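# Fold and geometry: a report
Chain by chain, the residues:
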Amino acid sequence: MNNLFRNSRRKLSQGLLFWREFGEGPYVIFLHGAWNDSCEWLSVMELLSHYHCFALDLFGFGESDDPNVHYSVDLLLESLAEFIDVLKLEKVYLVGHSLGGWIAASYALKYSQQVAGLVLLAPEGVEIQGQEKRLQKMRQLVKRSPFMFKLLRLLRPITKMFGWDQENEQDWQLYQTLRKYPTACKILFQRQQPEINAELLHERLYSLEVPVLILQGGEDTPHSLAMSKVYSQAPLSELKIIAHGKSNLPESCAGIVAAHIREFIKSQDLSY
């Protein structure tokens, strides 16, 4: 069914924005996670042909331009606002995963009149206990050189003796992901902390005026579950745990995610 997707580009203020489009009906905009692009939503969108779906490559990701700008959540949410305005979309549903969830919720806080509802999958963008320690590790990994990993591999017999072998391998896998998505690293780990703190949402969720469905994998990381629980404090929110789900819900649990999105939109339509 992939041949039914319509691929489009439009010139916006920051450059050419690419998106995939599918179906007809109420407008649903999909925003990908930090370590992916719009492809992660294809399986979900195929199951939602009764909705007019748009899956964007955020600037700096996928096939969209990578402008020479200072990346931030605010920059990407204003690009989303421009996209919605240029295409003259009214009352959209926003579906966001990870970083995309942070952007979707930020947009809904600023432009609530444009949003019919939010579906957030393991969203980023709130403060939780132990977060600073995790961020510090990520920042150190981003700065680490490939030579250091080569050295650790040469020393593998020694590191194995001390039980460091598994941790080093996990760091290497994570490092490869970080290197693949430099824009996500710039937004999440390579900005001044006061700037990041100003975009966090935990102190503003009480004013979120739109219905929110939060989907969280039961086998995802503890910090991801903690963030979803913070989002569930928003007034019109509901948290649903997908028991066997991990960090890649849009791809590994596409059918379940699509069913939840469908039920959520139907419930909102009935409330009007």
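Residues numbered from 1 in each chain as written. Predicted model: local features only at pLDDT ≥ 70, side-chain atom pairs only at ≥ 80, totals over all residues. Heavy atoms only, no water.

## Observations concerning the overall build of the protein
Secondary structure assignment for the protein yields 12 helices and 8 strands. Across the 272 residues that make up the protein, the buried fraction comes to 51%. Pairs at least 24 apart in sequence give 73% of the contacts found in the protein among residues at least 6 apart. Accessible area of the protein: about 13,400 Å², with a carbon and sulfur share of 52%. (Helix = DSSP H or I, 4+ residues; strand = E, 2+ residues; numbered from the N terminus. Buried < 20%, exposed > 50% of the residue type's maximum accessible area, 1.4 Å probe, protein only. Contact = heavy atoms within 4.5 Å. Areas by Shrake-Rupley, 256 points an atom, 1.4 Å probe, with all protein chains shown as cover.)

## Description of helix α2 (residues 73-86)
Look at α2: 20 Å from first C-alpha to last across 14 residues, which is about the 20 Å you get at 1.5 Å a residue. By the burial criterion, the buried members of α2 are Val-73, Leu-75, Leu-76, Leu-77, Ser-79, Leu-80, Ala-81, Phe-83 and Ile-84. Positioned one or two residues after α2, Lys-88 has a phi angle of 55°, which is positive. (Expected span 1.5 Å × (residues − 1).)

## Notes on the packing of aromatic side chains
Summed over the entire model, instances satisfying the criterion amount to 9 aromatic pairs. Summarising the aromatic geometry, the rings of Tyr-93 and Phe-264 are spaced 6.4 Å apart at their centres and angled 80° between planes, so their arrangement reads as edge-to-face. Residue Tyr-93 is found in strand β5 (residues 92-97), and its partner Phe-264 is found in helix α12 (residues 254-271); the two are separated by 171 residues along the sequence. Taken together, Trp-19, Tyr-27, Phe-54 and Phe-83 form an aromatic cluster joined through their ring pairs. (Phe/Tyr/Trp six-rings, centres within 6.5 Å; stacked < 30°, edge-to-face > 60°.)

## A word on helix α4 (residues 131-143)
Between its terminal C-alpha atoms α4 stretches 19 Å, which fits the 18 Å expected from 13 residues at 1.5 Å a residue. For α4, the complete set of buried residues consists of Gln-131, Leu-135, Met-138, Arg-139 and Leu-141. Across the axial projection of α4, the buried residues extend over an arc of 160°, all falling on one side. In α4, the exposed positions angled more than 90 degrees off the buried face are occupied by Lys-133 and Lys-143. (Arc of directions from axis to C-beta.)

## Remarks on the sheet that holds strand β7 (residues 212-217)
With respect to topology, 8 strands assemble into an open sheet ordered β1-β2-β4-β3-β5-β6-β7-β8, the strand pairing being mixed. Each having just a single partner strand, β1 (6-12) and β8 (237-242) make up the two edges of the open sheet. The average angle at which neighbouring strand axes cross in this sheet is 20°, direction not considered. Those strands touched by α2 are β1, β2 (15-22), β3 (27-31), β4 (52-57) and β5, and its axis lies near 110° from that of β1. Packed onto the sheet, helix α3 (residues 99-110) meets β3, β5 and β6 (115-121) and runs at close to 155° relative to β6. (Pairing = 2+ DSSP bridges. Axes fitted to C-alpha atoms, helices over the stretch in contact; angles between N-to-C directions.)

## Comments concerning the side chain of Gln-216
Positionally, Gln-216 belongs in strand β7. Of note is the side chain of Gln-216, whose polar atom sits 3.4 Å from the side chain of Asp-220. Not counting residues within four places of it along the chain, the set of residues in contact with Gln-216 comprises Ala-122, Ser-224, Leu-225, Ser-228, Leu-239, Lys-240, Ile-241, Ile-242 and Leu-249. (Polar contact = N/O pair within 3.5 Å; in protein donor to acceptor, adjacent residues only side chain to side chain.)

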